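# A structural walkthrough
Here is what each chain is made of, one letter per residue.
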Amino acid sequence: MSKHTQGSAKQVSTHTLMKYKGEGRKIVCLTAYDYSTAQIVDRAGVDVILVGDSLAMVALGHRTTHAVTMEEMLHHTRAVTRGVKSALVVADLPFMSYQVEVTQAITNAGRFIKEAEAHAVKLEGATPLSLEIVERLVGMGIPVMGHLGFTPQSIHGLGGTKVQGKTAEDAVKLIRDAKALEEAGAFSVVLEMVPKAVATILTEEMKIPTIGIGAGNGCDGQILVTDDLLGKFTDFQPRFVRRYANLSDLCTEAIGNYARDVKAKQFPDDSESFAISEEEELELRQLIAADMELKGELTC
Ligand code: KIV
């Protein structure tokens, strides 16, 4: 083991994820939008960290994912990759950064790899254009994760946040789309808000791993938005979220305690402040007093 890698977990790759699917080892994925969160998620041993465009809502306060720009996504992805040692970092191609034409998609995907050091990109849907983009990116060595089911960038076209693939006919279309992504070279596909039975059958049909969010436990892996899991983002809580902490209340209480201590002059105490020696302090006071006296003489 080299000095550089000593003690640190091995880098997760798209090949690792394929291996995990083969072994039946579930793949653990979470989002991160900043350096310190990425460090925590990575240290906890999560396999894949997605810099999701959900950051538009969760980190930037927009109502949908649409508003986030390439520059903002790059900014957050850079912060995340600085904090990650072993997880595979996937960057979400934001709305309208790949839907216009193939060269636009290639340019933007390339920026995530070149400027932000992401390992892979994610895009939504399986239109003929998306499939061509996947094929071209994979051909140039950029791994692509697909995203099917409820695709938030199409929220208006889908008529709102709705479970997808509820009829046998819709489910067949979903499975065909997933297969098409696999054939185009995607290394994995996220299934969002898909009935458990449909996601399970789809997963059995696929060679590449499926990552579920609101798609039951038959998928090869699971992903959640970290701020949802930690109870930090509380604007809404989808049914598929399990909260493992209540950071919002915890943080509000901690910050309230800080405010109380500041107002009561109990923060900072001497252990949280810097000191000079008694002699230096005495000399400082004498110098100030002499200065005042001098100014007093001059004004007389
Ligand atoms: O943007 C995001 O966070 C996502 C996940 C919820 C899959 O796409």
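This structure is a prediction, so every number in the text was calculated from the model and none was measured.

## So, the overall build of the protein chain
Across its full length, the protein chain carries 11 helices and eight strands. The globule rule puts the C-alpha radius of gyration for 300 residues at 19 Å, and the 26 Å found for the protein chain is more than 25% above it. Principal-axis analysis of the C-alpha atoms places the extent of the protein chain at approximately 95 × 40 × 40 Å. Residue burial in the protein chain is summarised as follows: out of 300 residues, 44% are buried. Counted over contacts in the protein chain with a minimum sequence separation of 6, partners at least 24 positions apart contribute 59%. Considering the protein chain, the positive charge centre built from 31 side chains and the negative charge centre built from 40 side chains are found 9 Å apart.

## Observations concerning the nonpolar core
Counting residues in hydrophobic clusters, the biggest one holds 61 residues, and the most contacted among them are F112 and L191. Per element, the largest residue contribution to this core is six residues, and it comes from helix α7 (residues 168–184). If we ignore the near neighbours within four places in the chain, the residues touching L191 are L148, A199, L202, T210, I211, G212, I213, A215 and C219. Among the nonpolar cores identified, the runner-up in size contains 16 residues, and V48, L50, L88 and I213 belong to it.

## Some points on the confidence of the model for the protein chain
Of all residues in the protein chain, 96% have pLDDT values of 70 or greater, and the mean over the chain is 95. The low-confidence segment residues 1–6, where pLDDT is below 50, has two contacts with residues more than four positions distant or belonging to other chains.

## Section: unusual backbone geometry
The peptide bond linking F267 to P268 adopts the cis configuration, its omega dihedral lying at -5°. Relative to the helices and strands, P268 resides in the loop between α10 (247–263) and α11 (278–299). One non-glycine residue with positive phi stands out, namely M96, at about 70°. Mapped onto the fold, M96 is located in the loop between β3 (88–92) and α5 (102–114).

## Here we look at helix α1 (residues 14–23)
All of the buried residues along α1 are T14, T16, L17, Y20 and K21. The arc that holds every buried residue of α1, seen down its axis, measures 155°, which confines them to one face. In this structure, α1 carries H15, G22 and E23 as exposed residues pointing more than 90 degrees from its buried face. The residue sitting at the N-terminus of α1 and contributing the capping side-chain oxygen is S13; that oxygen lies 3.1 Å from the backbone nitrogen of H15. Note on α1: the residue one or two positions beyond its end, G24, has a positive phi of about 75°.

## Brief notes about the packing of aromatic side chains
Tallying each qualifying case throughout the model produces two aromatic pairs. Ring geometry for F233 versus F236: centroids 5.4 Å apart, planes at 90°, classification edge-to-face. Their ring planes at 65° and their centres at 5.6 Å tell us that Y258 and F267 sit as a pair that is edge-to-face. Residue class for F267 comes out partly exposed when judged on its relative accessible area of 35%. The ring of Y20 carries the charged tip of R25 above its face, separated from the ring centre by 3.9 Å.

## Considering the site of the ligand
In the region of the ligand, the neighbouring residues are T31, L50, G52, D53, S54, D92, K122, H147, V190, I213 and V225. A distance of 2.5 Å separates an oxygen atom of the ligand from a polar atom in the side chain of S54. The fraction of the free accessible surface of the ligand (260 Å²) that becomes covered by protein chains is 95%. Here the residues of the shell around the ligand are counted per class, giving four nonpolar, four polar and three charged.

About the criteria used
- Residues numbered from 1 in each chain as written.
- Predicted model: local features only at pLDDT ≥ 70, side-chain atom pairs only at ≥ 80, totals over all residues.
- Heavy atoms only, no water.
- Helix = DSSP H or I, 4+ residues; strand = E, 2+ residues; numbered from the N terminus.
- Rg over C-alpha atoms; globule rule 2.2 N^0.38 Å.
- Buried < 20%, exposed > 50% of the residue type's maximum accessible area, 1.4 Å probe, protein only.
- Contact = heavy atoms within 4.5 Å.
- Lys, Arg positive; Asp, Glu negative; His and termini not counted.
- Charge placed at Lys NZ, Arg CZ, Asp CG, Glu CD.
- Core = buried A, V, L, I, M, F, W, Y, C linked by side-chain atoms within 4.5 Å.
- pLDDT = per-residue confidence, 0-100.
- Arc of directions from axis to C-beta.
- Polar contact = N/O pair within 3.5 Å; in protein donor to acceptor, adjacent residues only side chain to side chain.
- Phe/Tyr/Trp six-rings, centres within 6.5 Å; stacked < 30°, edge-to-face > 60°.
- Lys NZ or Arg CZ within 6 Å of the ring centre and 35° of its normal.
- Near = heavy atom within 4 Å.
- Areas by Shrake-Rupley, 256 points an atom, 1.4 Å probe, with all protein chains shown as cover.
- Nonpolar A, V, L, I, M, F, W, Y, C, P; charged D, E, K, R; others polar.

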